[in-house]
Amino acid sequence: MWETSERTERDTLGRMRKLVSSLFLLLLACSLLVGCRNYFLTYPYPWDYSKEKPKESDMVGTYKILKLRLPSTASGVDKGARITLRTDGTAVFSNVPEFDDFGQKFVCSLSGAATWKLDDKINSGWGWSVAFQDYRPATKPIARECDLGNLVFGGILVLSRHAPYRLYKIVGDPDSDTGIEFERTDRQ
C-alpha cells in the first residue's frame, strides 16, 4: 500500500515538472518566434531612455566611451574617442567612430566641430537625443559617411532619466542592439 501511494506521488511530481518545463519552453519559443523583445537581453533598456527633456546645462561636458557593443566585423575603434558638448551650443568630436550604413564596418573617425541641440523627433519614440549640424572636420573626410557638411546627424540617444546623463550612438540596425555608450567625465 505504501509503495502505491509513493509511486503515485512520484508520478504526480514528474508530471508537474514536465508541465512546468513545457510551459517555460512554450513561453520562450513564443517570445522568440513572435518577435517579442525580451528587455533583459536588449540594450539600451526601455526604462533608460530619457522621457523628459534634459536641461541643456546638465548635458554640457565631455563624454568618453563607456561600452562598445559592436559586431566583430567593426574593429578599429579608438577607445579614447570623446564628444564635448559646450554651453554655447557647439560640440567638439575627437576620434568618434563612424560606420557604414549597416554598422558592419568601421569607416573613419570624426574629429572636428559642429553645433548641437536636444531633439525628440530624430529618434522618434525613443526619448530625447542629441542632434548635430554644421559639421566642420579638422581634416578632409576620407569616406562618404564622414562628409557630413550641413546635414543634421547623430541622433545620439540620451540615456537616464536624470543627470548625469549618458549618450548612446546606435550602430547599424537598431534591433541588433549594437552601439557605443558614452559617459560624461567632466562638466564644461
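For the structure itself, consult the block above.
The text that follows walks through the structure, step by step, so that each part is easy to find.

Criteria and cut-off values
Residues numbered from 1 in each chain as written. Predicted model: local features only at pLDDT ≥ 70, side-chain atom pairs only at ≥ 80, totals over all residues. Heavy atoms only, no water. Helix = DSSP H or I, 4+ residues; strand = E, 2+ residues; numbered from the N terminus. Buried < 20%, exposed > 50% of the residue type's maximum accessible area, 1.4 Å probe, protein only. Contact = heavy atoms within 4.5 Å. Pairing = 2+ DSSP bridges. Axes fitted to C-alpha atoms, helices over the stretch in contact; angles between N-to-C directions. Core = buried A, V, L, I, M, F, W, Y, C linked by side-chain atoms within 4.5 Å.

Note on placement: lysine 67 falls in strand E1 (residues 61–69). According to the relative accessible area criterion, lysine 67 is partly exposed, its value standing at 35%. Once the C-alpha coordinates of lysine 67 and isoleucine 180 are considered, the two residues, 113 residues apart in sequence, prove to be 5.9 Å apart. Not counting chain neighbours up to four residues away, the residues in contact with lysine 67 comprise Tyr43, Gly179, Ile180 and Glu181.

Turning our eyes to something else, we now look at the pairing of strand E5 (residues 129–137). Sheet topology places strand E4 (residues 106–119) next to E5; seven bridges connect them, and they run antiparallel. By the bridge assignment, leucine 118 is partnered in E5 with valine 130.

An order of E1-E2-E3-E4-E5-E6-E7-E8 is seen for the eight strands of this closed barrel, with the pairing classed as antiparallel. Looking at each pair of strands side by side, their axes are set apart by 35° on average, direction ignored.

Met59, Leu85, Phe93, Trp116, Val130 and Phe132 are the most contacted members of the largest nonpolar core, which totals 34 residues. Elements represented by at least two residues in this core include exactly E1, strand E2 (82–85), strand E3 (90–99), E4, E5, strand E6 (153–159) and strand E8 (179–186). In terms of residue count, the dominant contributor to this core is E4 (seven residues).

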